[in-house]
Amino acid sequence: MPRCRICTSNDEAALIEHLAEKLWDSRIERLEGPWAWKDAGATWQAAFREMAVAARQALTMD
């Protein structure tokens, strides 16, 4: 059984980066086809990192 990455991560920054990239991949595919996270640009990356923080908080709050 896979382990929960959110629950077991010791590196908050890496977790947020991973989550932001996965959120990006899931959205951009529907709009414009494949567009790599590394090519998203600073503005888009910052926005998706903020969404990743919000998603993590929503998933871990009591």
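Throughout what follows, the structure given in this document is the object of discussion. Keep in mind it's a predicted model, so treat the numbers as computed, not measured. (Residues numbered from 1 in each chain as written. Predicted model: local features only at pLDDT ≥ 70, side-chain atom pairs only at ≥ 80, totals over all residues. Heavy atoms only, no water.)

## Observations concerning the overall build of the protein
Inference 1: A count of helices and strands for the protein gives 3 helices and 0 strands.
Inference 2: Listed by position from the N terminus, the elements making up the protein come as α-α-α.
Inference 3: With 62 residues in all, the protein has 19% of them scored as buried.
Inference 4: Contacts in the protein between residues at least 24 apart in sequence constitute 53% of all its contacts with a sequence separation of at least 6.
Inference 5: When the accessible area of the protein is evaluated, it comes to approximately 4,900 Å², of which 56% is carbon and sulfur surface.
Inference 6: Averaging the coordinates of the 8 positive side-chain charges in the protein and doing the same for the 10 negative ones gives two points 4 Å apart. (Helix = DSSP H or I, 4+ residues; strand = E, 2+ residues; numbered from the N terminus. Buried < 20%, exposed > 50% of the residue type's maximum accessible area, 1.4 Å probe, protein only. Contact = heavy atoms within 4.5 Å. Areas by Shrake-Rupley, 256 points an atom, 1.4 Å probe, with all protein chains shown as cover. Lys, Arg positive; Asp, Glu negative; His and termini not counted. Charge placed at Lys NZ, Arg CZ, Asp CG, Glu CD.)

## What about the environment of A46?
Inference 1: Looking at the element boundaries, A46 is found in helix α3 (residues 42-60).
Inference 2: Given a relative accessible area of 34%, A46 falls into the partly exposed group.
Inference 3: Put simply, A46 and E17 are 29 residues apart on the chain and 10.0 Å apart in space, counted from C-alpha to C-alpha.

## Quick notes on the nonpolar core
If you look at soluble globular proteins, the nonpolar side chains tend to sit buried side by side.
Inference 1: Grouped together as the largest cluster of nonpolar side chains are 9 residues: I16, L19, A20, W24, I28, W37, A40, F48 and A52.
Inference 2: Among the secondary structure elements, those contributing two or more residues to this core are α2 (12-32) and α3.
Inference 3: Discounting residues that sit within four places of it in the chain, W24 has contacts with W35, A36, W37, A40, W44 and F48. (Core = buried A, V, L, I, M, F, W, Y, C linked by side-chain atoms within 4.5 Å.)

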